[in-house]
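# A structural walkthrough
Now for the letters of each chain:
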Amino acid sequence: MHRGIGPAFQLSRKMAASGGEPQILVQYLVLRKDLSQPPFSWPAGAVVAQACHAATAALHLHRDHPHTATYLRELERMRKVVLEAPDETTLKLLAETLQQKNIDHKLWMEQPENIPTCIALRPYPKEEVSQYLKKFRLFK
């Protein structure tokens, strides 16, 4: 099925043709690892749902940002990176840092318990946010 060439791809082609590199946008998520371990022992599906909630909320909250619009135009090219935070304290400290540095994000709070579970950034060029996330490893 021919779907045509999307605007983001056309922009990327123009940038590549003119010698500029296309901007690769990534949505980063930082998910609490301890939720899947005792004493919490949440099922895998419940933990994954937290990341889904946070990602959806961040995209919705920042839907008017040009990076988000570009990211959503090319659904098949979306890039997400899911990192792990060891615990609630680490996740909250990251949220504070992101807020201080004016990095757009959503700290997802599971209700009705009011438990912080995941941070999702809006889509960003990797080089703009990687310095704040380099201490976190991929979620396992």
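For the structure, see preceding data.
Residues numbered from 1 in each chain as written. Predicted model: local features only at pLDDT ≥ 70, side-chain atom pairs only at ≥ 80, totals over all residues. Heavy atoms only, no water.

Next up on the list: the pattern of salt bridges. Going through the model one piece at a time under the given rule, you end up with six salt bridges. Glu 88 is the partner of Arg 32 in a salt bridge, and the nearest nitrogen-oxygen pair spans 3.8 Å. A residue pair is termed long-range when its members are at least 10 positions apart, and Arg 32 in strand 1 (residues 25-32) and Glu 88 in helix 4 (residues 88-100) qualify at 56 residues. For the salt bridge of Glu 74 with Arg 77, the shortest nitrogen-to-oxygen distance reads 3.7 Å. The buried category is assigned to Glu 74, whose relative accessible area is 13%. Each of the salt bridges in this network shares a partner with another, and the network as a whole consists of Arg 32, Asp 34, Glu 88 and Lys 92. (Salt bridge = Lys/Arg side-chain N within 4 Å of Asp/Glu carboxyl O. Helix = DSSP H or I, 4+ residues; strand = E, 2+ residues; numbered from the N terminus. Buried < 20%, exposed > 50% of the residue type's maximum accessible area, 1.4 Å probe, protein only.)

With six bridges connecting them, strand 3 (residues 105-110) and strand 4 (residues 115-121) associate as antiparallel partners. The residue of strand 4 that forms the bridge with Met 109 is Pro 116. Connecting strand 3 to the antiparallel partner strand 4 that follows it, the hairpin turn spans four residues, and Asn 114 within it adopts a positive phi of roughly 65°. (Pairing = 2+ DSSP bridges.)

A separate point is a nonpolar patch on the surface. A cluster of nonpolar side chains, Leu 72, Leu 75 and Met 78, forms an exposed patch at the surface whose accessible area comes to about 240 Å². Here Met 78 lies in the loop between helix 3 (66-73) and strand 2 (80-85). Here Met 78 falls in the partly exposed class, since its relative accessible area comes to 31%. (Patch = residues over 30% accessible without salt bridge, like charges linked within 9 Å, V, L, I, M, F, W, Y side chains within 5 Å. Areas by Shrake-Rupley, 256 points an atom, 1.4 Å probe, with all protein chains shown as cover.)

Okay, the state of the cysteines next. According to the stated counting rule, one finds zero disulfides in the structure shown. Looking at Cys 52, it has no disulfide partner, and the nearest cysteine sulfur is the one in Cys 118, 9.0 Å off. Judged by relative accessible area, which is 44%, Cys 52 ranks as partly exposed. (Disulfide = S-S within 2.5 Å.)

Turning our eyes to something else, we now look at helix 2 (residues 44-61). Because an α-helix completes one turn every 3.6 residues, residues spaced three or four positions apart along the sequence face the same direction. Across its 18 residues, helix 2 extends 26 Å between first and last C-alpha, which sits within 8% of the 26 Å expected from 1.5 Å per residue. Taken residue by residue, helix 2 has Val 47, Gln 50, Ala 51, Ala 54, Ala 55, Ala 57, Ala 58 and Leu 59 as its buried positions. Of the surrounding secondary structure, the elements contacted by the buried residues of helix 2 are strand 1, helix 3, strand 2, strand 3 and strand 4. (Expected span 1.5 Å × (residues − 1). Contact = heavy atoms within 4.5 Å.)

Pro 38 connects to Pro 39 through a cis peptide bond whose omega is 10°. Of note, Pro 39 is situated in the loop between strand 1 and helix 2. The omega torsion of the bond from Gln 111 to Pro 112 falls at 10°, within 30 degrees of zero and hence cis. Its identity is not glycine, yet Asn 102 carries a phi of approximately 60°, on the positive side. Counting through the fold element by element, Asn 102 comes out in the loop between helix 4 and strand 3. Even without being glycine, Asn 114 reaches a positive phi, approximately 65°. As for its position among the elements, Asn 114 is in the loop between strand 3 and strand 4.

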